[in-house]
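# Working through the structure, step by step
Residues per chain, in single letters:
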Amino acid sequence: MAAFSVEDAAALARLANLALTEEELALFARQLSDILAYAEQVQRVDTAGVPPTAALAPRAGAERADELRPCLERSTVLEQAPDAAIDAGFFRVPRVIG
Amino acid sequence: MIEPAGVRSARDAFTSGRTSAVEICRDAIASIERANAALNAFNAVAAERALARAAALDRDRAQWVNAPLAAVPIAIKDNICTAGVRTTASSRMLQHYVPPYDGTVVARLEAAGAVVVGKTSCDEFAMGSSNERSAFGPVRNPWAHDRVPGGTSGGSAAAVAARLVPAALGSDTGGSVRQPAALCGVVGLKPTYGRVSRYGLIAHASSLDQIGPIATTAADAAVLLTAMAGFDECDATSSDEAVPDYAAALTGDIRGLRVGVPRALLERGVDADVTRAFSAALEVLAARGAALLDVDLPHAEHAVPVYYLVSTAEASSNLARYDGVRYGYRAAGAVRDLRTMYARTRAEGFGPEVKRRIMLGTYVLSAGYYDAYYLKAQQVRTLITRGYDAAFTRVDAVAVPTSPTPAFRIGERVEDPLQMYLGDVFTVSANLTGLPAISVPCGFTRERLPVGLQLTAGRFAEATLLRLADAFERDTDWCRQAPPDARSLATARS
């Protein structure tokens with residue numbers, strides 16, 4: 001059974017890009033343990049040879065011609081950004097390299 | 001004299017020439033503004049857009065008099081994009097987000113003559129069962145203001161129940177249209193997966209999400225579904241199955257329809273008043289000629305854990321897009337590197353339920369646990385679907401109560417997420433299987449809280465569901481009962 005420590009929760013939070021507080025980590029460690037303990041019942045179901053259902057799309061694999069279509073103006077999109085150089089056509093983010 | 005507040009009466013008021021689209025629109029907006037301090041059902045009123053639209057209907061009146069939703073005010077759940085009108089998903093993350101485009105459902109309802117008057121509150125990113133998870137405060141149930149309206153489309157259900165709008169759109173990932181409809185005493189329909197385009201719906205769990213109508217009657221829900229269903233090239237999961245006129249299916253004749261009751265699922269955990277209303281509802285259907293049969297739904301008892309493993313996995317992936325770069329919130333202050341900016345933005349922008357689900361979903365998808373949780377849940381999902389498919393060779397619909405309990409008190413389940421999740425026991429299967437399901441009002445508890453009857457049918461058998469629900473409404477008056485709030489508002493209106 002999965003029992004989460006605060007350290008486990010902290011490792012997950014790093015994977016999920018969430019800067020959680022100590023209180024949140026302790027709370028989620030306890031709650032995720034409870035939820036997964038409840039979900040243990042799923043482990044007991046015999047699923048030998050049963051294919052997984054990942055998607056229900058009725059037209060799976062439908063294709064269309066790969067051609068240019070009207071889309072939003074670049075400036076319209078960039079106006080939504082918290083930080084952008086609209087005239088230059090870029091989103092602005094903190095330094096990534098060096 | 002209180003006018004009935006349905007879709008058809010609003011439309012008739014316009015098409016008969018009794019009143020203008022602008023007057024109908026102003027009236028709806030005034031109702032919303034009067035009621036919202038008490039209910040908090042709306043995140044925003046789209047007055048400017050709505051009045052411009054209504055004025056256009058009045059100007060081109062001849063063009064619109066035959067439109068199925070002519071001048072009908074509609075509320076849209078705030079996780080469906082509306083061009084130029086803030087769309088927040090009730091999250092701090094999108095508090096100031098103004099979409100540059102309309103969701104397909106919005107465009108189609110408007111093409112049918114509807115007027116979008118506002119955006120309704122929901123649980124943040126449509127995660128919750130009580131509408132207490134909005135970053136902008138809980139919505140109150142019009143029948144009892146100290147109780148939740150259900151969730152996640154709680155604002156839409158409360159708005160329709162209080163007769164602020166004739167109809168609204170919700171989205172349903174695990175019961176988010178049907179459960180609030182049940183708890184507020186209105187009709188809510190989750191269509192078959194693929195029946196309605198999700199283009200413009202803020203994604204929660206992509207193999208489960210579906211948009212559906214909330215209205216006071218099955219007939220009104222049928223009109224909305226007819227207007228918005230059908231293939232959309234902007235949503236590759238939408239189906240090209242032909243769209244019938246769902247209203248034409250409402251013949252009142254349900255003789256010979258077989259309604260299955262999964263007795264084993266109902267043995268435990270259902271409130272006594274809910275059981276009483278449910279049993280009485282079955283008798284009403286039987287009296288009209290439907291045949292009641294016992295059915296077995298193997299593995300359906302595992303639907304809640306399967307749902308929370310699958311939906312959180314998908315949500316953790318879908319919500320990775322909120323990174324403070326392209327739109328939405330970004331953590332303020334000097335942040336030196338990109339990873340820290342992401343992590344702080346997401347920690348500050350998301351509320352507790354969203355964070356909890358991202359954590360759970362990240363866990364079940366992580367190396368070493370994927371097979372044990374996510375893959376296993378997907379296999380049990382297949383077994384649950386097979387159980388329903390087998391049942392639908394014997395019956396036309398399956399009946400259960402929509403929710404095992406009536407509306408609970410605000411705050412009662414907030415500290416215990418697992419208890420909150422268990423309340424979804426009767427609704428999540430329709431999402432896991434992709435089947436259509438409807439909730440129709442079927443009575444009240446002794447405390448005068450609404451109870452909902454849920455009917456599930458085979459793929460693309462929405463017409464069967466609507467016919468059963470409409471027939472049920474002809475023999476009962478539950479759907480015509482409105483909460484005290486609605487009465488005072490309607491009086492003020494006339």
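One structure accompanies this document, and this report is about it. (Residues numbered from 1 in each chain as written. Chains lettered and ligands numbered in written order. Predicted model: local features only at pLDDT ≥ 70, side-chain atom pairs only at ≥ 80, totals over all residues. Heavy atoms only, no water.)

### Some words on the overall build of chain A
Of regular secondary structure, chain A possesses three helices and two strands. Tracing chain A from N to C terminus, the helices and strands come up as α-α-α-β-β. Relative to the compact-globule value of 13 Å for 98 residues, chain A shows a C-alpha radius of gyration of 23 Å, a clear excess of over 25%. Each of the three principal axes of chain A carries a C-alpha extent, and together these read 55 × 45 × 25 Å. Scored against the burial criterion, the 98 residues of chain A give a buried share of 35%. Intrachain contacts of chain A at a sequence separation of at least 6 include 28% that bridge at least 24 residues. (Helix = DSSP H or I, 4+ residues; strand = E, 2+ residues; numbered from the N terminus. Rg over C-alpha atoms; globule rule 2.2 N^0.38 Å. Buried < 20%, exposed > 50% of the residue type's maximum accessible area, 1.4 Å probe, protein only. Contact = heavy atoms within 4.5 Å.)

### Topic: the packing of helix α12 (residues 352-365) of chain B against helix α13 (residues 370-391) of chain B
Two quantities define a packed helix pair, namely the angle between the axes and the distance from one axis to the other. All names here are of chain B. The contact between α12 and α13 brings their axes to 7 Å, and the two run at 105°. Classed by the angle they form, the pair α12 and α13 counts as roughly perpendicular. Facing α12, whose interface residues are Tyr-363, Val-364 and Leu-365, α13 presents Tyr-370, Tyr-373 and Tyr-374. Counted by class, the contact of α12 with α13 contains six nonpolar, no polar and no charged residues. (Axes fitted to C-alpha atoms, helices over the stretch in contact; angles between N-to-C directions. Parallel < 35°, antiparallel > 145°, perpendicular 65-115°, else oblique. Nonpolar A, V, L, I, M, F, W, Y, C, P; charged D, E, K, R; others polar.)

### With respect to unusual backbone geometry
Residue and element names in this part refer to chain B. The step from Gly-151 to Thr-152 runs through a cis peptide bond, and the omega angle for that step is 15°. Within the fold, Thr-152 resides in the loop between β3 (115-120) and α6 (154-161). In the Ramachandran plot, His-299 falls in the positive-phi region, its phi being about 75° despite a non-glycine side chain. Tracing the sequence through the fold places His-299 in the loop between β8 (291-294) and α10 (303-318). Under the relative-accessibility criterion, His-299 is labelled partly exposed at 24%.

### Remarks on the side chain of Gln210(B)
Residues and elements named next belong to chain B. Looking at the secondary structure, you find Gln-210 in strand β6 (residues 210-215). Gln-210 gets classed as buried once you look at its relative accessible area, which sits at 0%. Of the polar contacts made by the side chain of Gln-210, one reaches the backbone nitrogen of Val-196; its length is 2.9 Å. Setting aside anything within four residues of it in sequence, one finds Gln-210 in contact with Ser-171, Asp-172, Lys-190, Pro-191, Thr-192, Tyr-193, Gly-194, Arg-195, Val-196 and Arg-198. (Polar contact = N/O pair within 3.5 Å; in protein donor to acceptor, adjacent residues only side chain to side chain.)

### Observations concerning the sheet that holds strand β1 (residues 42-45) of chain B
Adjacent strands of a sheet form backbone hydrogen bonds with each other and so pair up, either parallel or antiparallel. Residues and elements named next belong to chain B. If you trace the 11 strands from one edge of the open sheet to the other, you get β1-β3-β2-β4-β6-β5-β10-β11-β9-β7-β8, paired in mixed fashion. Strands with a single pairing partner mark the edges of an open sheet, and in this sheet they are β1 and β8. The sheet shows a mean angle of 30° between the axes of neighbouring strands, direction not considered. Relative to strand β4 (residues 167-172), strand β2 (residues 73-77) runs parallel, the two sharing three bridges. Each residue of the ladder has a partner; that of Ile-76, found in β4, is Leu-169. The strands touched by helix α5 (residues 104-111) are β2, β3, β4 and β6; relative to β2, the strand with the most contacts, the crossing angle is about 175°. (Pairing = 2+ DSSP bridges.)

### Re the packing of helix α2 (residues 21-39) of chain B against helix α3 (residues 47-59) of chain B
Residues and elements named next belong to chain B. Interhelical geometry of α2 versus α3 gives an angle of 155° and a closest axis separation of 7 Å. The angle between α2 and α3 places the two elements in the roughly antiparallel class. Where α2 abuts α3, its residues Ala-21, Val-22, Cys-25, Arg-26 and Ile-29 lie against Ala-47, Ala-50, Leu-51, Ala-54, Ala-55, Leu-57 and Asp-58. Residues that form the contact of α2 with α3 fall into these classes: 10 nonpolar, no polar and two charged.

### Side note on the nonpolar core
Counting 71 residues, the largest nonpolar core has Phe125(B), Phe350(B) and Met359(B) as the members making the most contacts within it. When contributions to this core are tallied by element, the ones reaching two or more residues are α1 (6-15) and α2 (22-43) of chain A together with α7 (178-184), α10, α12, α13, α14 (417-422) and α15 (428-433) of chain B. Counting residues per element, this core draws most heavily on α10(B), which supplies nine residues. One finds Ala112(B), Val223(B), Leu257(B) and Ala277(B) within the second-largest nonpolar core, a separate group that totals 65 residues. (Core = buried A, V, L, I, M, F, W, Y, C linked by side-chain atoms within 4.5 Å.)

### Description of the packing of aromatic side chains
Residues and elements named next belong to chain B. In total, this model carries 15 aromatic pairs over all chains according to the counting rule given. Here the aromatic rings of Tyr-388 and Phe-392 are separated by 6.4 Å at their centres, their planes lie at 35°, and the arrangement is tilted. We note that Tyr-388, like Phe-392, is buried. Here the aromatic residues Tyr-97, Phe-125, Tyr-322, Tyr-327 and Phe-350 are joined through ring pairs into a cluster of three or more. In this arrangement the basic side chain of Arg-413 is found over the ring face of Phe-408, its NZ or CZ atom lying 3.8 Å from the centre. Its guanidinium or amino end placed over the ring of Phe-444, Arg-448 lies 4.2 Å from that ring's centre, counting from NZ or CZ. (Phe/Tyr/Trp six-rings, centres within 6.5 Å; stacked < 30°, edge-to-face > 60°. Lys NZ or Arg CZ within 6 Å of the ring centre and 35° of its normal.)

### Considering empty space enclosed by the protein
Residue and element names in this part refer to chain B. Applying the stated criterion across every chain yields a total of six cavities of 30 Å³ or more. In this model, the largest cavity occupies a volume close to 90 Å³. Tyr-388, Val-400, Phe-426, Ser-429 and Gln-454 are, among the 14 residues lining the largest cavity, the residues nearest its centre. For the lining of the largest cavity, the elements supplying multiple residues, two or more each, are β9 (397-401), α15 and β11 (450-457). Approximately 80 Å³ is the volume found for the second largest cavity. (1 Å grid on protein atoms, 1.4 Å probe; cavity = no way out; pocket = protein on both sides within 12 Å on 5 of 7 lines; lining within 4 Å. Points joined across faces, edges and corners; volume = space filled by probe spheres on them.)

### What about the side chain of Lys119(B)?
Residues and elements named next belong to chain B. Within the element layout of this structure, Lys-119 appears in strand β3. One polar contact links the side chain of Lys-119 to the main-chain carbonyl oxygen of Ile-80, over a distance of 2.9 Å. Lys-119 has contacts with Phe-42, Asn-43, Ala-44, Ile-76, Lys-77, Asp-78, Ile-80, Thr-82, Val-85, Arg-86 and Thr-87, leaving out every residue within four places of it along the chain.

### Here we look at the interface of chain A and chain B
On the chain B side, the residues contacting the 53 residues of chain A number 69 residues. Taken together, chain A and chain B are joined by three salt bridges. Put simply, Arg69(A) and Glu233(B) hold a salt bridge, and the shortest N to O gap is 3.1 Å. At the boundary of chain A and chain B, one finds 21 residue pairs in polar contact (both at pLDDT 80 or more). Every element with two or more residues in the side of chain A that touches chain B is listed here: α1, α2 and α3 (74-78) of chain A. A per-element tally of the side of chain A that touches chain B places α2(A) first, with 14 residues. (Salt bridge = Lys/Arg side-chain N within 4 Å of Asp/Glu carboxyl O.)

### Regarding the pairing of strand β7 (residues 258-261) of chain B
Residues and elements named next belong to chain B. Relative to β8, β7 runs parallel, the two being bridged by four bridges. When the sheet's bridge partners are listed, Arg-258 is paired in β8 with Ala-291. Traced from β7 through helix α9 (residues 272-287) to β8, the parallel crossover comes out right-handed. Two strands pair when backbone bridges link them, and β7 and β9 are joined in this way by two bridges, in the parallel orientation. The partner of Val-259 across the bridge, within β9, is Ala-397. (Right-handed = clockwise from strand over helix to strand, strands pointing away.)

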